[in-house]
Amino acid sequence: MNSSSLMLRRFLCFNASPPSSSSSSILCFSSSRNRKPLVFLGSPQVSATVLDALLNASGGPDSLFEVAAIVTQPPSMKNRGKKVLPSPLAQHALDRGFPSELIFTPARAGEDMFLSSLRALKPELCITAAYGNILPSKFLNIPTLGTVNIHPSLLPLYRGAAPVQRALQDGVKETGVSLAFTVRALDAGPVIASQGLEIDDQIKAPDLLALLFSEGSKLLIHQLPSIFDGSAKLKAQSQDDSKATLAPKISPEESWLSFDQEAVVLHNKVRAFAGWPGTRAKVVVVDNKNGHRNILELKIITTKVCSQSNIHVNQADDISFRKGALVFPCGGSTSLEVLEIQLPGKKVMNAAAFWNGLRGQQLKRFVDE
């Protein structure tokens, strides 16, 4: 027995409980069915859609591959530091009965111990979907057929960490998902296939992200035969770097809304930043009896661009309530309808419930003097 086989055997058996029937089929696939070993990398819940597609496809009698291992982010503190929990993808895999000893959680994809274990699996292909770690050359050199990434944009547009959010922030009417070989340069590898998708002006980032990874998983399963027989590498199209745009990571500091901007800009930002980090605004509550002013911080959840704006100069900072919405005056004589908000430490509420809670007090935009 060679050293790599011994290493793999030790890795699989360390602290392993007796495998269930589903576990044993995964552990023994290489000897019993001679399928091509594939390793999947992902971390958030949306990547579970891709994992499900791969596991379901690998269960077919004529499948070319088997999911040999999963790589994901390490467990992290959740519930305000009270619990250490696995990544959403790892939890999903465990819930499906995937062997825990085949779920790798390196802090960095370049760790020597992790790479040794990966080499022992002899993967022919790695698939990534929102993994969240940079893949160094010594990782990319391991799978014989390369690494393929599901990227939620029409490459070369929106290369980077936040393609869906930045596309919505820009107010695009069409986006899509791409399958591309991974190279060291950021999202710059040859594109195997892509699928465009028209989007409406109300969809939010979490919903669009889920939709694109759902479409991406279908695209991947369709393209896997050509990836395994090598024809995908021959037909993959190099990206035109001159047309590339970037989608940098979002920072919490970007979450504040400035009502000096036009309503459509703010509406697109609310959609783009939904989920995390969200969008925030300050408002002033004025007591009409004594003139007392109280500043509130609101999380803006759902908005719509007002079709008509009739803002008078002396009411430029007044927030009104009309047809179930808080109407914020914005730049360019536009107005933004806020349909749902959230107060700190409270649940999301609709605009009517918030307005009724003011009990006749006046609401104004906060102006930072």
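Refer to the structure presented above.
Rules and cut-offs
Residues numbered from 1 in each chain as written. Predicted model: local features only at pLDDT ≥ 70, side-chain atom pairs only at ≥ 80, totals over all residues. Heavy atoms only, no water. Axes fitted to C-alpha atoms, helices over the stretch in contact; angles between N-to-C directions. Helix = DSSP H or I, 4+ residues; strand = E, 2+ residues; numbered from the N terminus. Left-handed = near helix turned anticlockwise from the far one by under 90°. Contact = heavy atoms within 4.5 Å. Nonpolar A, V, L, I, M, F, W, Y, C, P; charged D, E, K, R; others polar. Buried < 20%, exposed > 50% of the residue type's maximum accessible area, 1.4 Å probe, protein only.

## Some remarks on the packing of helix α4 (residues 47-58) against helix α5 (residues 88-95)
Line of reasoning, step 1. Running from N to C, α4 and α5 point in directions that differ by 35°, and their axes come no closer than 9 Å. As α4 runs across α5, the sense of the crossing is right-handed. In this structure, α4 contributes S47, A48, L51 and D52 to the contact, and α5 contributes L89, H92 and A93.
Line of reasoning, step 2. Residues of the contact of α4 with α5, tallied by class, amount to four nonpolar, two polar and one charged.

## Re unusual backbone geometry
Line of reasoning, step 1. Backbone torsion omega between L155 and P156 reads 15°, so that peptide bond is classified as cis.
Line of reasoning, step 2. Geometrically, the link from W276 to P277 is a cis peptide bond, its omega value of 0° lying close to zero.
Line of reasoning, step 3. Mapped onto the secondary structure, P277 falls in the loop between α11 (263-272) and β10 (279-286).
Line of reasoning, step 4. Of note in this structure, K122 is not a glycine but carries a positive phi near 50°.
Line of reasoning, step 5. Positionally, K122 belongs in the loop between α6 (112-121) and β6 (125-129).
Line of reasoning, step 6. With phi around 55°, A130 is a residue other than glycine that occupies positive phi space.
Line of reasoning, step 7. For A130, a relative accessible area of 31% corresponds to the partly exposed category.

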